[in-house]
Every structure is written in C-alpha cells, then in structure tokens.
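The chain contents come next:
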Amino acid sequence: MTVYLPAVPGYPLVTAALETAGLTVRDIVHVTEYVTLSSLTLDSERAEALGGHRVPVSRVPVEAVAGADAPYAVGVVAHPGGGELLESGDDVLRVAGGVVHLPSVHTTSGDFREQYRWCLERTGELLAVAGLGLDALVRTVDYTATATRAEYPRCGRPRKELLPGPVHPGAAGILVDVPVARGARVSLDAVAATGELTVLNPGWQRYDTLTYKPAVRAGDTIYLAGFGALDPVTQVALHDGDLAAQAAFIYASVETVLAEAGATGEHVTALVEYLTPAGAGSYDAIRALREKHFPNAAVTSVVCSALLRPEFLLETVPTAVLP
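Residues numbered from 1 in each chain as written. Predicted model: local features only at pLDDT ≥ 70, side-chain atom pairs only at ≥ 80, totals over all residues. Heavy atoms only, no water.

Caption draft 1: The pairing of strand β11 (residues 170–175), seen in detail. Within β11, six of the six residues are buried, which leaves it mostly tucked inside the rest of the structure. Where burial is concerned, the two faces of β11 agree: the one with Gly170, Ala172 and Ile174 and the one with Ala171, Gly173 and Leu175 are both buried. As defined by bridge partners, strand β10 (residues 137–144) adjoins β11 across six bridges and the pair is classed as parallel. For Thr144, the partnering residue across the bridge sits in β11 and is Leu175. In this fold, the crossover linking β10 to β11 by way of helix α4 (residues 156–162) has right-handed handedness. Taken together, the two bridges between β11 and strand β18 (residues 306–307) define a ladder with antiparallel strand orientation. Paired with Leu175 across the bridge in β18 is Ala306. (Buried < 20%, exposed > 50% of the residue type's maximum accessible area, 1.4 Å probe, protein only. Helix = DSSP H or I, 4+ residues; strand = E, 2+ residues; numbered from the N terminus. Pairing = 2+ DSSP bridges. Right-handed = clockwise from strand over helix to strand, strands pointing away.)

Below is the structure:
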C-alpha cells in the first residue's frame, strides 16, 4: 500500500520518518522538495540520503515551511519495493500500485500559455514511457507567480486541447513569486494512474465546463482537487479574512465530495495545505478542526505567496484511500 509521509525539515530526517512507517529509502517512489531559497541546490543532500535510489522529484518554491524554521522540507511518497523505475531523458518516473509518479516539469521559453502547453506536452511524453496518455492524469498542481494571476485563464486553451476528458484530473493552482528557474512562468506537478478512472462530483454544475473535476477515483485511491472557500454554485469566495471559517467550509466541502464514493474524512491519508502569509499567523488555531475532520491524515503545511482568489487564505489538496 502506498504511504504518504508529511514533509520533514531536511533530508537527514527522511530515513527516520521512513523507519517509523516500517520502510526504507528503497521504497520511495516520489519526493517533493519545498524550498524557501531559489538558489538552494539539494542534489548532494538528496544523493546522500537516497544512496543511489533514483526517484522523480518535484521542486516547489515556498515562502516558508509552516511550523519549522528550515530552508527546505522534504515530503515523501513510498510504496513497498519502490515500484518500477522508468526513464525519459534526464527524467525518471516510478510506477507503483497502479500509480504513475512523475517529476515536476517546467521550461523557460515562451509566454505563459506557451509554457503551460509545453508542460502538459512534456507530461504526456513522460506518461508515454509508461504506455499511457494525458487521459491517465488524476491530479495536476501548477505553480505560477502572483504577477501571472491575470494571465492564468490563458491556461484554459491548452488544457482543453490536450486534456481529452471526459475524466479530467483534479487540479490546484498555487502562486509562488520565486520561480523554480529564472524565466519559468509555470511549473507543473502531476500524478497519473493506470486502470479505470471515475469522476466524483456531488452535482456541482460549474465543473461541467471546466478541465478539472472535484475528485478522481483510481482503484481505491481518491485524488481530490485543491479546495478553497469558494461557493460551488455562485463561485463567490467566502469568509474573506477569516481563516477558521474558510477552513471549516473547505473541510466540509472535501467530505461532501468524499461521500460520493462512500468515504469520509477518516479515509484521508494525506493533506497538503497551502497558506498565504496573511493566514499563516492563525494556522495553529485550526489544528483541532483539521484533526476532527481528518484524524488519519499526514499533513504537510507550507506558506505560498498567494492563491488564485485574492480572498483565499488556505487551499487544501487531499488524498484519500478506501479500505
């Protein structure tokens, strides 16, 4: 069974976290590096910690790691045995338990829409190595700068042209003002799955015309989109300036979607929470609420520069596993 571990402040703590779960570095199938400094290079630390074990890596620039005074944190996904290693140029991917774990991708050439298209096309090339296409995607997370917020709707065309549907992936859009590389206007992180995919939607019609869905079920795993305090009917942002109220709305919305598969918050195994700087100071106050809704979740919390809706203080990206 795939295990999601919360991000820890630095590679030296990864081994200990794995041991607690009864795993080793050879079981790792994906690594996410949340880095606070664009100049920070982690190649040597990663190589020393993994001891030659090659895995796909996602690099995510952040303002801070919530609750930790550290320059970076490492989130790990592991599967007993480490799955199958596949290669595409300098990139690697791993297939384990019916899930295709991919590295994040970016380019420095072209304008926003051209770069977004390139990211999707490169993701398609990676999936082709596993004998799959973009229709196998279950979730995408894109990282763009606050300055591109007005341009963000321009990603709609390449998504419509390249993501065939009818099962579109869950999606999240996070704003980070330090680019993953100079000239990169977007970085895309994605995960895909083999087998049949099913959309979970509790009747929210806004998703009928969008290129992403509230959640996608692949086997026993549910990949949810990023959830903010947005009314799914009116598309109005709610509870401006109130983190606790936004969190309560978000967590209830997640459980509404999970109910479509007969699941509850207890089935959520992993949460990645993106906080804005304005919300970070109140974050500790919602811990009890989060644990009430998702008592079994491994939680990774980072501070981003902003979110797509200026009113949002929090965006939550959950993953759930059915028994």
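What follows picks up the thread again.
Caption draft 2: Molecular detail of the nonpolar core. If you look at the biggest cluster of nonpolar residues, it comprises 28 residues, and the most contacted ones within it are Ile222, Leu224, Phe227, Leu258 and Leu314. When residues of this core are traced back to their parent elements, those giving at least two are β15 (221–224), α5 (243–258), β16 (268–275) and β19 (314–321). Per-element accounting of this core gives the leading share, seven residues, to α5. Core analysis: the next-biggest nonpolar cluster, separate from the first, contains 22 residues, Cys155, Leu163, Val186 and Leu188 among them. (Core = buried A, V, L, I, M, F, W, Y, C linked by side-chain atoms within 4.5 Å.)

Caption draft 3: Representation of α5 within the structure. Between the first and last C-alpha of α5 there are 22 Å, a value that for 16 residues agrees with the 22 Å anticipated at 1.5 Å per step. Burial in α5 covers these residues: Leu243, Ala245, Gln246, Ala247, Ile250, Tyr251, Ser253, Val254, Val257 and Leu258. The N-cap residue of α5 is Asp242: its side-chain oxygen and the backbone nitrogen of Ala244 are 3.3 Å apart. (Expected span 1.5 Å × (residues − 1). Polar contact = N/O pair within 3.5 Å; in protein donor to acceptor, adjacent residues only side chain to side chain.)

Caption draft 4: Just the packing of aromatic side chains, in detail. A complete count under the given rule lists seven aromatic pairs for this structure. With a centroid separation of 5.5 Å and an interplanar angle of 90 degrees, the aromatic rings of Tyr207 and Tyr212 are classed as edge-to-face. For Tyr207, a relative accessible area of 7% puts it in the buried group. For the ring pair Tyr251 and Phe294, a centre distance of 5.2 Å and an interplane angle of 85 degrees mean the geometry is edge-to-face. One end of the pair, Tyr251, is in helix α5; the other, Phe294, is in the loop between α7 (287–293) and β17 (298–303), with 43 residues separating them in the sequence. With respect to class, Tyr251 is no different from Phe294; both count as buried. Above the plane of the ring of Tyr207 lies Arg206, whose end atom (NZ or CZ) is 5.0 Å from the centre. (Phe/Tyr/Trp six-rings, centres within 6.5 Å; stacked < 30°, edge-to-face > 60°. Lys NZ or Arg CZ within 6 Å of the ring centre and 35° of its normal.)

Caption draft 5: Representation of the side chain of Thr300 in the model. Looking at the element boundaries, Thr300 is found in strand β17. Thr300 sits in the buried class, given a relative accessible area of 6%. A polar atom in the side chain of Thr300 sits 2.8 Å from the backbone nitrogen of Ala7. Among all residues touching Thr300, those that are not within four sequence positions of it are Leu5, Pro6, Ala7, Tyr34, Leu271, Val272 and Glu273. (Contact = heavy atoms within 4.5 Å.)

Caption draft 6: Local environment of the sheet that holds β19. With mixed pairing, the seven strands of this open sheet are ordered in space as β4-β17-β16-β19-β15-β14-β13. Strands with a single pairing partner mark the edges of an open sheet, and in this sheet they are β4 (64–65) and β13 (197–200). Its contacts with the sheet put α5 on β13, β14 (215–218), β15, β16 and β19, and the angle it makes with β19 is roughly 30 degrees. (Axes fitted to C-alpha atoms, helices over the stretch in contact; angles between N-to-C directions.)

Caption draft 7: Region of the structure containing empty space enclosed by the protein. Across all of its chains, the model carries one cavity of 30 Å³ or more by this definition. Taken as a whole, the largest cavity spans an internal volume of roughly 520 Å³. In terms of lining, the largest cavity is formed by 27 residues, of which the most central are Tyr4, Thr32, Val77, Arg139 and Val272. (1 Å grid on protein atoms, 1.4 Å probe; cavity = no way out; pocket = protein on both sides within 12 Å on 5 of 7 lines; lining within 4 Å. Points joined across faces, edges and corners; volume = space filled by probe spheres on them.)

Caption draft 8: Spotlight on the pattern of salt bridges. This model, assessed by the stated rule, comprises 12 salt bridges. Here Arg154 makes a salt bridge to Glu151, at a shortest N to O gap of 3.7 Å. By sharing partners, the salt bridges in this structure join Asp111, Glu151, Arg154 and Arg185 into a single network. (Salt bridge = Lys/Arg side-chain N within 4 Å of Asp/Glu carboxyl O.)

Caption draft 9: Local environment of the layout of surface pockets. As a volume, the largest pocket reaches approximately 830 Å³. What lines the largest pocket is a set of 32 residues, among which Tyr152, Arg206, Leu210, Tyr212 and Leu308 lie closest to the centre. Every element with two or more residues in the lining of the largest pocket is listed here: α4, β11 and α5. Residue composition of the lining of the largest pocket, grouped by class: 17 nonpolar, eight polar and seven charged. What the second largest pocket holds in volume is close to 470 Å³. The wall of the second largest pocket is formed by 22 residues, among which Arg46, Val55, Val57, Asp91 and Pro103 lie closest to the centre. Broken down by element, the lining of the second largest pocket gets its largest block of residues, four residues, from helix α2 (residues 43–50). Split into classes, the residues belonging to the lining of the second largest pocket amount to 10 nonpolar, five polar and seven charged. (Nonpolar A, V, L, I, M, F, W, Y, C, P; charged D, E, K, R; others polar.)

Caption draft 10: Up close: the sheet that holds strand β2 (residues 28–35). Judged by pairing direction, the sheet is mixed, and its four strands sit side by side in the order β1-β5-β2-β3 without closing on themselves. Looking at strand neighbours, the two that pair on one side only are β1 (3–8) and β3 (57–61), the edges of this open sheet. Taking each pair of neighbouring strands and ignoring which way they run, the sheet shows an average axis angle of 15 degrees. Strand direction decides the pairing type here: β2 and strand β5 (residues 72–78), joined by seven bridges, are antiparallel. If you follow Val35 over to β5, its bridge partner there is Tyr72.

Purely geometric numbers; function is a separate question.
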